Amino acid sequence: MTSPTLPTSRRAFGVGLAVASGVLVAAQTWINGELGVRLGDGIATAVVSFGVGLFLLLIMVPATPAGRHSLGALRSALSDGTLRPWQCLGGACGAFLVVTQGATVGALGVAVFTVAVVAGQTASSLAVDRAGLGPAGRQPATTARLAGAVLTVLAVLLAVSDRIGDLKVLGLALLPALAGLGMAWQQAVNGRVGMAAGSPLVATLVNFAVGTTVLLIAFAVDIVLRGLPDGRLPTEPWLYLGGPIGVIFIAMAAAVVRFTGVLLLGLSTIAGQVVGAVLVDLLVPTNASHPGPTTLLGAALTLVAVLIAALRST
């Protein structure tokens, strides 16, 4: 059953927060990409990023009565079947996304990485909303929502059109595209966890705990097969901000998905990601970044797409 329509003010507030969190994701992408270049290993980069985030959450959540109460609510929801164990596994998708950041951004640039994630995320958001996996319930594929999704993909393709002909770039971009497919499901189930616990921070803690566990297993296998990474941990503190930024992003997404639905949340974060990616590539350009007029036009068109998708169905 489709959920009742939420007040426009709540939906607009949720969209604004989602756009802001998308800008943060672009910054995280650049930070983790740089860390990945320093370490020379995408999995090691993800372990560091998730590990820092998990450390902060393990301090923050149990430190307050509200956090301890929410952890108890989460245990109760799992015990009585209100929340299924598989709905706590969203962090595995987040872990894969961070691995792709560390492994591909150095070669792709932030903007091309973003378009690949967008393509997967937009397609899966429609399916996740249609299935009603998120806390907002079933969301119909209205004309406005479909138009917004299609326009978003066209906009981000325009933003990186000067690199579409590079077959090596397109091949490497398959990894973030696959990560984008998992993002919509991750946002949906994290929203379910947040509702069950009554706290987006607890949902974020579960996300980071699962993701870190998956990454540690993968890292152990990687060490057995290839040995330890050649790179050393850098000394610059800002290279370890990817984890804290991820905490903010996951918590914000878990909090607002009930107001926006998965598709609109995804499109809004996409708008922020594209704008943020353009800013990153302009402010801290690399050999892989080529911002130009088409990139700026594509970013503007993405914002228009989100506005279209946000329209009420009539």
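For the structure itself, look to the data block above.
From a predicted model like this one, the values you see are computed outputs, not experimental measurements.

Novice: Can you walk me through the overall build of the chain in this structure?
Specialist: Broken down by element type, the chain carries 11 helices and 0 strands. The linear arrangement of helices and strands in the chain, starting from the amino end, is α-α-α-α-α-α-α-α-α-α-α. Across the chain, every contact between residues at least 6 apart in sequence was considered, and the portion connecting residues at least 24 apart equals 87%. For the chain, the computed accessible surface area is about 13400 Å², with 72% contributed by carbon and sulfur atoms.

Novice: Help me out: how do you make sense of the environment of Ala103 in this one?
Specialist: Tracing the chain through its elements places Ala103 in helix H4 (residues 90-108). Given the relative accessible area of 47%, Ala103 is considered partly exposed. Each C-alpha atom of the pair Ala103 and Ala46 lies 9.4 Å from the other, and the pair is 57 residues apart in sequence.

Novice: Is there a simple way to think about the packing of aromatic side chains in this case?
Specialist: For any two aromatic rings, the description comes down to two numbers: the centre-to-centre distance and the angle of the planes. Summed over the entire model, instances satisfying the criterion amount to 3 aromatic pairs. A ring pair is formed by Trp30 and Trp238, whose centres lie 5.2 Å apart and whose planes are at 10 degrees; its orientation type is stacked. Pair noted here: Trp30 is in helix H1 (residues 8-39) and Trp238 is in the loop between helix H9 (200-226) and helix H10 (242-283), with a separation of 208 residues, a long-range link. For the ring pair Trp86 and Trp185, a centre distance of 6.4 Å and an interplane angle of 20 degrees mean the geometry is stacked. One end of the pair, Trp86, is in the loop between helix H3 (65-80) and H4; the other, Trp185, is in helix H8 (residues 174-197), with 99 residues separating them in the sequence.

Novice: Mind showing me how you'd approach the pattern of salt bridges here?
Specialist: Between side chains of opposite charge, pairing is possible as soon as their charged atoms come close. What the rule picks out here adds up to 4 salt bridges. Linking Arg226 and Asp41 is a salt bridge whose minimum nitrogen-to-oxygen distance equals 3.0 Å. Here Arg226, found in helix H9, pairs with Asp41, found in the loop between H1 and helix H2 (42-60); they are 185 residues apart in sequence, far enough to count as distant. Judged by relative accessible area, which is 59%, Arg226 ranks as exposed. Measuring nitrogen to oxygen at the nearest pair gives 2.8 Å for the salt bridge that ties Asp222 to Arg226. Of this pair, Asp222 and Arg226 both sit in helix H9, 4 residues apart, which is roughly one turn of that helix. Connected via shared salt-bridge partners are Glu34, Arg38 and Glu236.

Novice: Looking at this model, I keep getting lost on the packing of H3 against H9. Mind explaining?
Specialist: The geometry of a pair of packed helices is captured by two quantities: the angle between their axes and the separation between those axes. Contact geometry for H3 and H9: axes closest at 9 Å, N-to-C directions at 65 degrees. Classified by the interaxial angle, the pair formed by H3 and H9 is roughly perpendicular. Every pair of crossing elements has a handedness; the one defined by H3 and H9 is right-handed. Counted together, Gly67, Ser70, Leu71 and Leu74 of H3 and Val202, Leu205 and Val206 of H9 form the full contact between these two elements. Its residues assigned to classes, the contact of H3 with H9 comprises 5 nonpolar, 2 polar and no charged.

Novice: Even after reading the chapter, I still don't get a nonpolar patch on the surface, so can you show me in this structure?
Specialist: A grouping of Leu279, Leu282, Leu283, Val284 and Leu296 is seen on the molecular surface, where their side chains present a nonpolar patch of about 460 Å² in accessible area. In terms of residue count, the dominant contributor to the nonpolar patch is H10 (3 residues). Locating Leu296 in the fold gives a position in helix H11 (residues 293-309).

Novice: What is the right way to read the environment of Ser125 from this model?
Specialist: Along the chain, the position of Ser125 falls in helix H5 (residues 110-131). Along the sequence, Ser125 and Leu181 sit 56 residues apart, while their C-alpha atoms lie 8.1 Å from each other. In contact with Ser125, not counting residues within four places along its chain, are Ala184, Val262, Leu263 and Gly266.

Novice: Would you take a moment to explain the nonpolar core for this structure?
Specialist: Soluble globular proteins: nonpolar side chains tend toward being buried together. Counting 43 residues, the largest nonpolar core has Leu74, Val193, Phe208 and Leu215 as the members making the most contacts within it. At the level of secondary structure, the elements contributing two or more residues to this core comprise H1, H2, H3, H4, H5, H8, H9 and H10. The biggest single contributor to this core is H9, with 8 residues. Filtering out sequence-adjacent residues up to four positions away, Leu215 remains in contact with Ile43, Ala46, Val47, Phe50, Ala95 and Val99. Counting 9 residues, the second largest nonpolar core, distinct from the first, contains Val128, Val256, Val262 and Leu265.

Novice: Can you help me understand the side chain of Ser199 in this one?
Specialist: Within the fold, Ser199 resides in the loop between H8 and H9. A relative accessible area of 12% means that Ser199 is categorised as buried. Only 3.3 Å separates the side chain of Ser199 from the backbone nitrogen of Leu201, close enough to count as a polar contact. Apart from residues no more than four positions distant in its own chain, Ser199 is found in contact with Ser70 and Gly194.

Novice: Teacher, can you tell me more about the packing of H8 against H9 here?
Specialist: The N-to-C vectors of H8 and H9 enclose an angle of 130 degrees; their axes lie 7 Å apart at closest approach. As far as their axial angle goes, H9 and H8 are oblique. Note on packing geometry: the crossing formed by H8 with H9 is right-handed. Residues Gln186, Asn190, Val193, Gly194 and Ala197 of H8 pack against Val202, Ala203, Val206 and Asn207 of H9. Partitioning the contact of H8 with H9 into residue classes produces 5 nonpolar, 4 polar and no charged.

What counts and how
- Residues numbered from 1 in each chain as written.
- Predicted model: local features only at pLDDT ≥ 70, side-chain atom pairs only at ≥ 80, totals over all residues.
- Heavy atoms only, no water.
- Helix = DSSP H or I, 4+ residues; strand = E, 2+ residues; numbered from the N terminus.
- Contact = heavy atoms within 4.5 Å.
- Areas by Shrake-Rupley, 256 points an atom, 1.4 Å probe, with all protein chains shown as cover.
- Buried < 20%, exposed > 50% of the residue type's maximum accessible area, 1.4 Å probe, protein only.
- Phe/Tyr/Trp six-rings, centres within 6.5 Å; stacked < 30°, edge-to-face > 60°.
- Salt bridge = Lys/Arg side-chain N within 4 Å of Asp/Glu carboxyl O.
- Axes fitted to C-alpha atoms, helices over the stretch in contact; angles between N-to-C directions.
- Parallel < 35°, antiparallel > 145°, perpendicular 65-115°, else oblique.
- Left-handed = near helix turned anticlockwise from the far one by under 90°.
- Nonpolar A, V, L, I, M, F, W, Y, C, P; charged D, E, K, R; others polar.
- Patch = residues over 30% accessible without salt bridge, like charges linked within 9 Å, V, L, I, M, F, W, Y side chains within 5 Å.
- Core = buried A, V, L, I, M, F, W, Y, C linked by side-chain atoms within 4.5 Å.
- Polar contact = N/O pair within 3.5 Å; in protein donor to acceptor, adjacent residues only side chain to side chain.

Purely geometric stuff here, so don't read any function into it on its own.
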